[in-house]
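# Structural overview for review
Each chain, written out:
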Amino acid sequence: MAEAPRMPDETGVPEMDSYLHPVLKKNYGAWSWHERPRPGVLHHVAKSGDEIWTVRAGTQRQMDVYTIRKLMDIADEFAEGFVRFTIRSNIEFMVSAEPKVQPLIDKLTEEGFPIGGTGPSVSMISHTQGWLHCDIPATDASGAVKALMDELHDEYTKEEMPNRVRITTSCCQINCGGQGDIAINIQHTKPPKIDHTQVANVCERPTVVARCPVAAIRPAIVNGLPSLEVDEKKCICCGACFPPCPPMQINDPEHSKFAIWVGGKNSNARSKPTFHKLVAAGIPNNPPRWPEVSDVVKKILQAYKEDAKDWERIGEWAERIGWPRFFEKTDLPFTKYHIDNWRGSRATLNASAHIRF
Amino acid sequence: MTKPMRDTPMLDQLESGPWPSFVTGLKRLAKDNDMMVDLMGQLETSYETKKGYWKGGTVGVIGYGGGVIPRFSELKGEDGKPLYPAASEFHTLRIMPPPGMHYDTNTMRKFCDIWEKYGSGLIAFHGQSGDIMFQGCNTDNVQPAFDELNEMGFDMGGAGPAVRTGMSCVGAARCEQSCVDEGRTMRMLVNNALDDMHRPALPYKFKYKVSGCPNDCMNAVQRADLATIGTWRDDMKVDQQEVKAFVADKGRKYVIDNVITRCPTQALALNDDDTLEVNNKDCVRCMHCINVMTKALSPGDDKGVTLLCGGKRTLKIGDLMGTVIVPFHKLESDEDFEWLEELATEILDFFAENALEHERTGEMIERIGLTNFLEGVGLDIDPNMISQPRTNPYVRMDDWDGEVAKWNERSVAQ
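Remember, it's a predicted structure, so these values are computed and weren't measured experimentally.

Turning our attention to the overall build of chain B. Scanning chain B from N- to C-terminus turns up 15 helices and 16 strands. If one aligns the C-alpha atoms of chain B with their principal axes, the spans along those axes are about 75 × 60 × 40 Å. Every one of the 414 residues in chain B was classed for burial, and the buried ones make up 49%. Pairs at least 24 apart in sequence give 64% of the contacts found in chain B among residues at least 6 apart.

Right, dumping it as structure tokens:
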């Protein structure tokens, strides 16, 4: 008799209790205030008087078991056996005694993990899977992030920006990366190249037709084969047709380029959440270090760092000085493509006499 | 004995520089693992040709219809055989972490042992939706790897047209600004919908995110179909002694320039005696002043949540922010949590029945209108749901009197 297969134990999200540092557990829901004594370190004080120091360090996010074990050894020897991760893949070590902070920092630094990412820093770049693992990407994610964080390492560790800078990347226009102060996203510039011999074999054609945001796809007989055709005048080259129909190849080594978006903000602080806005495009996709992307991002960060007031996020700074001045200060070109023509776009036009000179 | 390492001149360039290098990690794994040798070969090829070589497929575990991300390599030699055979199957298991992504070192080491045994040894902490991503194992190893992780008390995350893994901030575990038990909330929302997570049958994905305050560190408003944001409805708490200490330390100008004038509704004033005057009626709980003066200011005591619905990224109508569907509700007692559980179920059911294929909740609301959605899930309209009333007159209003009567009834009831 064949053994019955093991059915899953559908336990769902585990309870956090056994994973919490004891001081966090004891003071759950009863914290009083916090401060940042130095870059990369948070100091929280509970209503009970208990204190906890958190040391935040950058990681690769894509981690091999040796790196993870090394971090856990550090957590056991120099911290108190409990860690957590942030939404941007920074690792945090919690210790309940201040004298433990410096040796922990020293050890992490010695092992190559940068300390920072708190307060007004450029934190680790939120990213996805890219060529390492995704079935859709036009570029790599971990590589681009490694290259850019090498350039921005000081901004991670020194925490000298006017306010926090959240950078994200997306390797295609599905945009798995979220909104960011700066978003570095692929922008395809040509319609898909269709392999008509494969479309009927691989694709559910009505699904693909429905997927197009501008209804540019229709079924057609091409070279005697049932396939799909794209109205290239309508096509916005977004690549939405590619995931349900891989024979509609949207990725192109030359024509899939990078665009930079600026001004996204998730927090409600001072101003409501905002979407990021297109500021640069046409940037070549050049592994392994994508220097052209770094150049533009660094230009933007420099202008922001020099000109923004304390606590202003990049988008708030741009709104205060006005977008024309943003383009001036960052020396980025303004083109017809910056003017929105999607649904609801009239609201983005300047319907006033508010002009800065 | 492992295969000889491939030449990876482009990837090698990502080993230099101060940021920790994932390439160094890949190479270390490749020393003992053929799968990683071949993975690096494929990745290097991608860097050379600027093309990806993965395709999806159907791989899963018994009892679940989703949660494994199948990856088969399309990179073939001229003979039609996989060029990098040891990495020709490189699937990922999405596993849900504890709320707040807390771990003890033993658990992390067990994860490493399991993944070294069954897979590539490459784990991402975490994916964009909050999963632990155990990346890289062949089809045969998916089930036993999952079984061992499941035995540890962890369960599969969401993928496909399903409820996805949720996220909650560090919140009450460490943050004094927390206004709700974020971990309990997220866990309740997701565990209430496990059937819709593990047996994908929704029109499209559905995400829950919980942030303990309007700083929204989990980016819930933008990224969640149902966003829970902790807040308070009574007066902000002010420790005037600490305010004075802050002013003494930073100076009046700093406080005026960075706190008083930054309030979006001009609800703050700095008195001549260096104390803070707060017009709580105008406070919109933006968190800025509290962020700056962490010792002097904190959220009020009458805490609860604001719920927003409809956040999503670009495809197919463009990015949307979630919008308010519940301005305030308590979330402390078991009854409160039951209320949220029932509402979340209503919303999920309404989405399941009314959204088109591949349509997100926000897109559905855009298509049918907010008032139809609210009616459909049993929520009352509220002026806090709008930034401004309509600016166009193109609507049929012959039931005006009836609607006014409803409003008056509600006002009396409150």
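That was the structure; now back to the text.
This part is about the overall build of chain A. Counting secondary structure elements, chain A contains 10 helices and 14 strands. Dimensions of chain A, computed from the C-alpha atoms along their principal axes, are close to 85 × 75 × 35 Å. Counting all 357 residues of chain A, 50% fall into the buried class. Put simply, of all contacts in chain A between residues at least 6 apart along the chain, 64% involve residues at least 24 apart.

Next up on the list: the pairing of strand 10 (residues 217-222) of chain A. Residue and element names in this part refer to chain A. Sheet analysis places strand 10 next to strand 11 (residues 225-230), joined by six bridges and oriented antiparallel. Following the sheet pairing, Ile-217 is matched in strand 11 by Val-230. The turn joining strand 10 and strand 11, which pair antiparallel and follow one another in sequence, is formed by two residues; a positive phi near 50 degrees is taken by Asn-223.

Among the nonpolar cores identified, the biggest contains 210 residues, and Val-55, Leu-148, Ile-182, Ile-260 and Val-297 of chain A together with Ile-123 and Ala-145 of chain B are the most heavily contacted of them. Excluding residues that lie within four positions of it along the chain, Val-297 of chain A makes contacts with Leu-148, Ile-182, Ile-184 and Ile-260 of chain A.

On to the sheet that holds strand 6 (residues 91-95) of chain A. Spatial strand order, 1(A)-2(A)-3(A)-6(A)-5(A)-5(B): six strands in an open sheet with antiparallel pairing. Strands with a single pairing partner mark the edges of an open sheet, and in this sheet they are strand 1 (31-38) of chain A together with strand 5 (102-104) of chain B. The mean inter-strand angle of the sheet, taken between neighbouring strand axes irrespective of direction, is 25 degrees. Across three bridges, the pairing between strand 5 (residues 82-85) of chain A and strand 5 of chain B is antiparallel. From the neighbouring strand, Arg-84 of chain A faces strand 5 of chain B, where its bridge partner is His-102 of chain B.

The next point concerns the confidence of the model for chain B. Mean pLDDT over chain B stands at 97; residues scoring 70 or higher make up 100%. Scoring the predicted complex yields pTM 0.97 and, for the interface, ipTM 0.96.

Once that is clear, we can look at the domain arrangement of chain B. One can read the domain layout of chain B as domain 1 (9-151), domain 2 (167-233 + 304-413) and domain 3 (237-298). Using C-alpha coordinates to define each centre, domain 1 of chain B is positioned 49 Å away from domain 3 of chain B.

Split by domain assignment, chain A resolves into domain 1 (20-110), domain 2 (130-189 + 253-338) and domain 3 (193-236). One C-alpha centre belongs to domain 1 of chain A, the other to domain 2 of chain A, and the line joining them spans 29 Å.

Moving on, we come to helix 13 (residues 361-368) of chain B. Regarding helix 13 of chain B, the residues found buried are Thr-361, Gly-362, Glu-363, Met-364 and Ile-365 of chain B. Just downstream of helix 13 of chain B, Gly-369 of chain B is the residue with a positive phi angle, here 95 degrees.

The next point concerns the sheet that holds strand 4 (residues 62-64) of chain A. A sheet is described by the order of its strands in space; here five strands give the open sequence 4(A)-6(B)-7(B)-4(B)-2(B), paired in antiparallel fashion. Each end of this open sheet is capped by a strand with a single partner; those strands are strand 4 of chain A together with strand 2 (68-69) of chain B. Pairing of strand 4 (residues 91-95) of chain B with strand 7 (residues 132-137) of chain B involves five bridges; the strand directions are antiparallel. In the strand pairing of strand 7 of chain B, Leu-93 of chain B is matched with Phe-134 of chain B. In this fold helix 2 (residues 65-77) of chain A packs onto strand 4 of chain A together with strand 6 (122-125) of chain B, with an angle of close to 85 degrees to the strand it touches most, strand 4 of chain A. Where helix 5 (residues 139-151) of chain B meets the sheet, it contacts strand 2, strand 4 and strand 7 of chain B, and its direction lies at approximately 20 degrees from that of strand 4 of chain B.

Take the interface of chain A and chain B next. At the interface, 91 residues of chain A touch 100 residues of chain B. Elements represented by at least two residues in the side of chain A that touches chain B include exactly strand 1, strand 4, helix 2, strand 5, helix 4 (130-133) and helix 5 (142-158) of chain A. Counting residues per element, the side of chain A that touches chain B draws most heavily on helix 2 of chain A, at eight residues. Tallied by class, the residues present in the side of chain A that touches chain B amount to 44 nonpolar, 29 polar and 18 charged.

This part takes up the environment of Arg-218 of chain A. All names here are of chain A. Structurally, Arg-218 can be placed in strand 10. Among the residues examined, Arg-218 registers 13 C-beta atoms within 10 Å and is labelled partly exposed. Sequence spacing of Arg-218 and Val-208 is 10 residues, and the spatial spacing of their C-alpha atoms is 8.8 Å.

To continue, consider unusual backbone geometry. The step from Phe-125 of chain B to His-126 of chain B runs through a cis peptide bond, and the omega angle for that step is -5 degrees. Cis geometry is adopted by the peptide bond preceding Lys-316 of chain B, which originates at Leu-315 of chain B and carries an omega value of 20 degrees. When you line up the elements, Lys-316 of chain B lands in the loop between strand 15 (303-309) and strand 16 (323-329). Not every positive phi belongs to a glycine, and Asn-223 of chain A is a case in point at roughly 50 degrees. Take Asn-223 of chain A: there are 7 C-beta atoms within 10 Å of it, and that puts it in the exposed class. Although it is not a glycine, Asn-219 of chain B sits at a positive phi angle of roughly 55 degrees. Locating Asn-219 of chain B in the fold gives a position in the loop between strand 9 (208-211) and helix 8 (220-223). The exposure class of Asn-219 of chain B is buried, given the 27 C-beta atoms found within 10 Å.

As a further point, take the environment of Thr-157 of chain A. Residues and elements named next belong to chain A. Summarising the element assignment, Thr-157 is placed in helix 5. Separated by 37 residues in sequence, Thr-157 and Ile-194 place their C-alpha atoms 47 Å apart. Excluding its chain neighbours within four sequence positions, the residues that come into contact with Thr-157 are Pro-39, Pro-114, Ile-115 and Gly-116.

Residues and elements named next belong to chain A. For Met-248, the location among the structural elements is in strand 12 (residues 248-249). The spacing of Met-248 and Pro-287 is 39 residues in sequence and 24 Å in space, taken between C-alpha atoms. Once residues within four sequence positions are removed from consideration, Met-248 is found in contact with Pro-192, Ile-194, Leu-228, Cys-241 and Phe-242.

All names here are of chain B. Taken across its five residues, strand 4 has five buried, putting it largely inside the fold. The alternating pattern of strand 4 places His-91, Leu-93 and Ile-95 on one face and Thr-92 and Arg-94 on the opposite face, and all of these are buried. Pairing geometry for strand 2 and strand 4, over two bridges, is antiparallel. Among the inter-strand pairings, Ile-69 is bridged to a residue of strand 4, identified as Thr-92.

Conventions used here
- Residues numbered from 1 in each chain as written.
- Chains lettered and ligands numbered in written order.
- Predicted model: local features only at pLDDT ≥ 70, side-chain atom pairs only at ≥ 80, totals over all residues.
- Helix = DSSP H or I, 4+ residues; strand = E, 2+ residues; numbered from the N terminus.
- Buried ≥ 20, exposed ≤ 12 C-beta atoms within 10 Å, placed from the backbone.
- Contact = placed C-beta atoms within 7 Å.
- Pairing = 2+ DSSP bridges.
- Core = buried A, V, L, I, M, F, W, Y, C linked by C-beta atoms within 7 Å.
- Axes fitted to C-alpha atoms, helices over the stretch in contact; angles between N-to-C directions.
- pLDDT = per-residue confidence, 0-100.
- Domains from an automatic or database assignment.
- Nonpolar A, V, L, I, M, F, W, Y, C, P; charged D, E, K, R; others polar.

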